[in-house]
Amino acid sequence: MTGQPALFDEHPKGPGLDVTLIRNAVDSDAADAALVALRERVAWRQDYLRMFGELIAVPRLESWVADEGLDYTYSGIHHDPGPWTEELIALRDLVSEHAGATFNSVLCNLYRDGNDGVDWHADDESEFGPMPVIGSLSLGASRRFDLRRVEAHAEKIELDLHHGDLVIMRGTTQALWQHRVPKTKKPVGERINLTFRTVKKS
Ligand SMILES: O=C(O)CCC(=O)C(=O)O
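- According to its UniProt record, the chain has this under Cofactor (unreviewed entry): "Fe(2+)".

## Quick notes on the pairing of strand β10 (residues 143-149)
Here is step 1 of the chain: For β10, the tally of buried residues reaches 5 of 7 residues, placing the bulk of the element in the interior.
Here is step 2 of the chain: Both β10 and strand β13 (residues 177-181) contribute to a ladder of 4 bridges, which runs antiparallel. Residue pairing across strands places Arg-149 opposite Trp-177, the latter belonging to β13.

## Side note on the sheet that holds strand β12 (residues 166-169)
Here is step 1 of the chain: Judged by pairing direction, the sheet is antiparallel, and its 6 strands sit side by side in the order β1-β12-β9-β14-β7-β4 without closing on themselves. Looking at the sheet topology across the chains shown, the edges are occupied by β1 (19-22) and β4 (61-66). Within the sheet, the average angular offset between the axes of one strand and its neighbour, ignoring direction, is 15°.
Here is step 2 of the chain: Each of β7 (105-111), β9 (134-140) and β14 (191-197) is contacted by helix α1 (residues 28-41), which is oriented at about 90° to β9, the strand it contacts most.
Here is step 3 of the chain: Of the strands in this sheet, β1, β4, β7, β9, β12 and β14 are in contact with helix α2 (residues 86-99), which crosses β14 at around 60°.

## Quick look at the site of the ligand
Here is step 1 of the chain: Around the ligand sit 13 residues, and of these Asn-109, Tyr-111, His-121, Asp-123 and Arg-191 come closest.
Here is step 2 of the chain: At 3.1 Å from an oxygen atom of the ligand is found a side-chain nitrogen or oxygen belonging to His-179.
Here is step 3 of the chain: The separation between an oxygen atom of the ligand and a polar side-chain atom of Arg-191 is 2.8 Å.
Here is step 4 of the chain: Contact with the protein chains hides 96% of the accessible area of the ligand, taken as 300 Å² for the molecule alone.
Here is step 5 of the chain: Of all the elements in the fold, those that place two or more residues in the shell around the ligand are β7, β8 (118-121), β13 and β14.
Here is step 6 of the chain: If you tally residues by element for the shell around the ligand, the top one is β14, at 4 residues.
Here is step 7 of the chain: In terms of residue class, the shell around the ligand is made up of 5 nonpolar, 5 polar and 3 charged.

## Some words on the sheet that holds β13
The strands that make up a sheet are held in pairs by hydrogen bonds between backbone atoms, and each pair lies either parallel or antiparallel.
Here is step 1 of the chain: Pairing within the open sheet is antiparallel, and its 4 strands lie in the order β8-β13-β10-β11. At either end of the open sheet lies a strand with only one pairing partner, and these are β8 and β11 (152-161). Across this sheet, the average inter-strand angle for adjacent strands is 15°, counted without regard to direction.

## Some words on unusual backbone geometry
Here is step 1 of the chain: Non-glycine residue Asn-24 carries a positive phi angle of around 50°.
Here is step 2 of the chain: With respect to the element layout, Asn-24 can be found in the loop between β1 and α1.
Here is step 3 of the chain: Within the chain, Phe-52 stands out as a residue other than glycine whose phi angle is a positive 50°.
Here is step 4 of the chain: Looking at the element boundaries, Phe-52 is found in the loop between β2 (48-51) and β3 (54-57).
Here is step 5 of the chain: The class of Phe-52 is exposed, set by a relative accessible area of 84%.

## A closer look at the side chain of Arg-60
Here is step 1 of the chain: Secondary-structure assignment places Arg-60 in the loop between β3 and β4.
Here is step 2 of the chain: Arg-60 gets classed as buried once you look at its relative accessible area, which sits at 8%.
Here is step 3 of the chain: A polar atom in the side chain of Arg-60 sits 3.2 Å from the side chain of Tyr-74.
Here is step 4 of the chain: If we skip the residues at most four places from it in the chain, Arg-60 touches Gln-46, Tyr-74, Asn-109, Leu-110, Tyr-111, Arg-112, Asp-116, Gly-117 and Val-118.

## What about the UniProt feature "domain: Fe2OG dioxygenase" (unreviewed entry) in the chain?
Here is step 1 of the chain: Here the UniProt feature "domain: Fe2OG dioxygenase" (unreviewed entry) sits at residues 102-200.
Here is step 2 of the chain: Along residues 102-200 one finds 4% helix and 52% strand; the C-alpha atoms at either end are 12 Å apart.

Quick notes on the rules
- Residues numbered from 1 in each chain as written.
- Predicted model: local features only at pLDDT ≥ 70, side-chain atom pairs only at ≥ 80, totals over all residues.
- Heavy atoms only, no water.
- UniProt positions renumbered as here; feature names shortened; annotations may be inferred.
- Buried < 20%, exposed > 50% of the residue type's maximum accessible area, 1.4 Å probe, protein only.
- Helix = DSSP H or I, 4+ residues; strand = E, 2+ residues; numbered from the N terminus.
- Pairing = 2+ DSSP bridges.
- Axes fitted to C-alpha atoms, helices over the stretch in contact; angles between N-to-C directions.
- Contact = heavy atoms within 4.5 Å.
- Near = heavy atom within 4 Å.
- Polar contact = N/O pair within 3.5 Å; in protein donor to acceptor, adjacent residues only side chain to side chain.
- Areas by Shrake-Rupley, 256 points an atom, 1.4 Å probe, with all protein chains shown as cover.
- Nonpolar A, V, L, I, M, F, W, Y, C, P; charged D, E, K, R; others polar.

So this is what it looks like as C-alpha coordinates:
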(Lines give C-alpha, C1' and ligand atoms only; values in the text may rest on other atoms or scores of the structure.)
Protein backbone atom coordinates (compact mmCIF):
# COMPACT_ATOMS: atom_id res chain seq x y z
CA MET A 1 0.00 0.00 0.00
CA THR A 2 1.71 3.16 -1.15
CA GLY A 3 -0.79 5.77 0.01
CA GLN A 4 0.60 8.09 -2.67
CA PRO A 5 -1.96 9.85 -4.86
CA ALA A 6 -1.61 8.77 -8.51
CA LEU A 7 -0.45 11.45 -10.92
CA PHE A 8 -3.28 10.87 -13.35
CA ASP A 9 -6.87 9.72 -13.01
CA GLU A 10 -7.87 6.69 -15.09
CA HIS A 11 -10.70 6.94 -17.65
CA PRO A 12 -11.76 3.50 -18.94
CA LYS A 13 -13.16 3.91 -22.43
CA GLY A 14 -16.42 2.60 -23.91
CA PRO A 15 -19.51 3.89 -25.74
CA GLY A 16 -21.58 5.96 -23.32
CA LEU A 17 -19.24 5.13 -20.44
CA ASP A 18 -18.24 8.05 -18.24
CA VAL A 19 -16.07 6.69 -15.43
CA THR A 20 -13.16 8.27 -13.58
CA LEU A 21 -10.97 6.17 -11.31
CA ILE A 22 -8.96 8.13 -8.75
CA ARG A 23 -6.36 6.00 -7.02
CA ASN A 24 -5.69 6.82 -3.35
CA ALA A 25 -8.38 9.51 -3.23
CA VAL A 26 -8.23 8.85 0.52
CA ASP A 27 -4.65 8.46 1.77
CA SER A 28 -3.79 5.20 3.49
CA ASP A 29 -3.77 6.51 7.09
CA ALA A 30 -7.19 8.17 6.69
CA ALA A 31 -8.51 5.10 4.88
CA ASP A 32 -7.27 2.81 7.71
CA ALA A 33 -9.02 5.00 10.31
CA ALA A 34 -12.23 5.20 8.27
CA LEU A 35 -12.33 1.43 7.82
CA VAL A 36 -12.13 0.80 11.58
CA ALA A 37 -14.67 3.51 12.43
CA LEU A 38 -17.18 2.43 9.78
CA ARG A 39 -16.88 -1.26 10.70
CA GLU A 40 -17.79 -0.36 14.28
CA ARG A 41 -20.25 2.47 13.90
CA VAL A 42 -22.38 1.75 10.83
CA ALA A 43 -25.60 -0.13 11.62
CA TRP A 44 -24.86 -3.08 9.31
CA ARG A 45 -27.82 -5.26 8.46
CA GLN A 46 -28.40 -8.51 6.65
CA ASP A 47 -31.06 -8.20 3.95
CA TYR A 48 -32.95 -11.01 2.23
CA LEU A 49 -34.32 -11.32 -1.30
CA ARG A 50 -37.36 -13.44 -2.09
CA MET A 51 -36.53 -15.71 -5.03
CA PHE A 52 -38.75 -18.54 -6.23
CA GLY A 53 -40.64 -18.42 -2.92
CA GLU A 54 -37.45 -18.66 -0.86
CA LEU A 55 -35.66 -16.05 1.22
CA ILE A 56 -32.04 -15.70 0.08
CA ALA A 57 -29.50 -13.76 2.16
CA VAL A 58 -27.97 -10.89 0.17
CA PRO A 59 -24.23 -11.74 -0.02
CA ARG A 60 -22.98 -8.67 1.87
CA LEU A 61 -24.13 -6.51 4.78
CA GLU A 62 -25.64 -3.12 3.98
CA SER A 63 -26.70 0.15 5.52
CA TRP A 64 -28.50 3.09 3.93
CA VAL A 65 -27.57 6.49 5.34
CA ALA A 66 -29.28 9.61 4.00
CA ASP A 67 -30.79 12.97 4.77
CA GLU A 68 -34.09 12.81 6.65
CA GLY A 69 -37.01 11.40 4.70
CA LEU A 70 -34.92 9.89 1.89
CA ASP A 71 -35.80 6.22 1.96
CA TYR A 72 -34.68 3.82 -0.77
CA THR A 73 -36.10 0.61 -2.20
CA TYR A 74 -34.29 -1.72 -4.58
CA SER A 75 -34.96 -5.34 -5.50
CA GLY A 76 -37.95 -5.18 -3.16
CA ILE A 77 -35.78 -4.29 -0.15
CA HIS A 78 -36.84 -1.16 1.66
CA HIS A 79 -34.26 1.00 3.49
CA ASP A 80 -35.22 3.75 5.91
CA PRO A 81 -32.37 6.23 6.24
CA GLY A 82 -29.91 5.96 9.10
CA PRO A 83 -28.15 9.08 10.41
CA TRP A 84 -24.90 10.51 9.03
CA THR A 85 -21.92 9.80 11.28
CA GLU A 86 -18.92 12.12 11.59
CA GLU A 87 -16.70 9.89 9.42
CA LEU A 88 -19.38 9.44 6.73
CA ILE A 89 -19.81 13.23 6.54
CA ALA A 90 -16.03 13.71 6.16
CA LEU A 91 -15.85 11.06 3.42
CA ARG A 92 -18.96 12.44 1.68
CA ASP A 93 -17.39 15.90 1.56
CA LEU A 94 -14.12 14.52 0.18
CA VAL A 95 -15.94 12.51 -2.50
CA SER A 96 -18.08 15.58 -3.35
CA GLU A 97 -14.95 17.63 -3.88
CA HIS A 98 -13.51 15.06 -6.30
CA ALA A 99 -16.83 14.62 -8.12
CA GLY A 100 -17.80 18.29 -8.25
CA ALA A 101 -21.28 17.21 -7.09
CA THR A 102 -23.17 17.05 -3.81
CA PHE A 103 -24.64 13.86 -2.33
CA ASN A 104 -27.54 13.39 0.07
CA SER A 105 -27.26 9.63 0.62
CA VAL A 106 -24.87 6.70 0.71
CA LEU A 107 -25.33 2.96 0.43
CA CYS A 108 -22.71 1.30 2.64
CA ASN A 109 -21.72 -2.24 1.65
CA LEU A 110 -19.64 -4.62 3.76
CA TYR A 111 -18.08 -7.57 1.91
CA ARG A 112 -16.98 -9.93 4.67
CA ASP A 113 -14.85 -12.18 2.44
CA GLY A 114 -14.73 -13.59 -1.11
CA ASN A 115 -18.16 -15.22 -0.70
CA ASP A 116 -19.67 -11.75 -0.66
CA GLY A 117 -20.19 -9.73 -3.83
CA VAL A 118 -22.79 -7.90 -5.86
CA ASP A 119 -24.14 -9.21 -9.16
CA TRP A 120 -24.58 -7.30 -12.41
CA HIS A 121 -26.84 -4.29 -11.98
CA ALA A 122 -27.05 -0.57 -12.66
CA ASP A 123 -27.88 2.13 -10.13
CA ASP A 124 -30.72 3.24 -12.37
CA GLU A 125 -33.62 3.59 -9.95
CA SER A 126 -35.82 6.53 -10.92
CA GLU A 127 -35.14 8.41 -7.67
CA PHE A 128 -31.53 9.00 -8.81
CA GLY A 129 -32.63 10.72 -12.03
CA PRO A 130 -31.66 9.83 -15.62
CA MET A 131 -27.94 10.71 -15.49
CA PRO A 132 -26.83 10.25 -11.89
CA VAL A 133 -23.40 11.15 -10.57
CA ILE A 134 -22.30 8.33 -8.26
CA GLY A 135 -19.14 8.35 -6.16
CA SER A 136 -18.04 4.90 -5.06
CA LEU A 137 -15.24 4.68 -2.48
CA SER A 138 -13.38 1.46 -1.67
CA LEU A 139 -11.82 0.72 1.72
CA GLY A 140 -10.12 -2.44 2.92
CA ALA A 141 -9.37 -5.51 0.83
CA SER A 142 -8.80 -5.11 -2.90
CA ARG A 143 -11.60 -6.47 -5.07
CA ARG A 144 -12.37 -6.56 -8.76
CA PHE A 145 -14.99 -4.20 -10.15
CA ASP A 146 -16.36 -5.12 -13.58
CA LEU A 147 -18.33 -3.02 -16.04
CA ARG A 148 -20.19 -4.41 -19.04
CA ARG A 149 -22.17 -2.78 -21.78
CA VAL A 150 -25.92 -3.50 -21.57
CA GLU A 151 -26.21 -3.96 -25.34
CA ALA A 152 -23.02 -6.00 -25.77
CA HIS A 153 -22.15 -8.05 -22.69
CA ALA A 154 -18.84 -9.14 -24.21
CA GLU A 155 -17.67 -5.54 -23.97
CA LYS A 156 -16.31 -5.70 -20.47
CA ILE A 157 -13.87 -3.67 -18.41
CA GLU A 158 -12.18 -5.08 -15.31
CA LEU A 159 -10.74 -2.76 -12.67
CA ASP A 160 -8.94 -3.71 -9.47
CA LEU A 161 -10.06 -1.42 -6.68
CA HIS A 162 -7.79 -0.91 -3.69
CA HIS A 163 -7.95 0.73 -0.26
CA GLY A 164 -8.76 4.45 -0.76
CA ASP A 165 -9.66 4.26 -4.48
CA LEU A 166 -12.63 6.26 -5.76
CA VAL A 167 -14.73 5.50 -8.84
CA ILE A 168 -16.96 8.28 -10.15
CA MET A 169 -19.69 7.29 -12.60
CA ARG A 170 -21.66 9.89 -14.54
CA GLY A 171 -23.78 10.65 -17.58
CA THR A 172 -25.17 7.61 -19.39
CA THR A 173 -23.04 5.08 -17.46
CA GLN A 174 -26.02 3.72 -15.46
CA ALA A 175 -28.30 3.65 -18.52
CA LEU A 176 -25.87 1.92 -20.90
CA TRP A 177 -23.58 -0.10 -18.59
CA GLN A 178 -23.89 -2.46 -15.63
CA HIS A 179 -21.39 -3.15 -12.89
CA ARG A 180 -20.62 -5.89 -10.36
CA VAL A 181 -18.15 -7.02 -7.72
CA PRO A 182 -17.70 -10.74 -8.46
CA LYS A 183 -17.29 -13.31 -5.70
CA THR A 184 -13.80 -14.79 -5.56
CA LYS A 185 -12.19 -18.01 -4.33
CA LYS A 186 -9.00 -16.11 -3.50
CA PRO A 187 -8.57 -15.41 0.22
CA VAL A 188 -9.63 -11.79 0.70
CA GLY A 189 -10.29 -9.78 3.83
CA GLU A 190 -13.11 -7.40 4.59
CA ARG A 191 -13.93 -4.57 2.23
CA ILE A 192 -16.26 -1.63 2.74
CA ASN A 193 -17.69 0.24 -0.23
CA LEU A 194 -19.51 3.54 0.13
CA THR A 195 -21.65 4.47 -2.85
CA PHE A 196 -22.65 8.13 -2.56
CA ARG A 197 -25.73 9.18 -4.51
CA THR A 198 -28.28 11.97 -4.79
CA VAL A 199 -31.91 11.06 -4.31
CA LYS A 200 -34.10 13.59 -6.14
CA LYS A 201 -36.76 14.73 -3.72
CA SER A 202 -40.25 14.42 -5.21
O1 LIG B 1 -18.78 -2.46 -3.99
C2 LIG B 1 -18.71 -1.84 -5.03
O3 LIG B 1 -17.63 -1.44 -5.49
C4 LIG B 1 -19.96 -1.57 -5.84
C5 LIG B 1 -21.22 -1.46 -5.03
C6 LIG B 1 -22.42 -1.30 -5.90
O7 LIG B 1 -22.41 -1.69 -7.03
C8 LIG B 1 -23.63 -0.66 -5.41
O9 LIG B 1 -23.74 -0.35 -4.20
O10 LIG B 1 -24.54 -0.43 -6.22
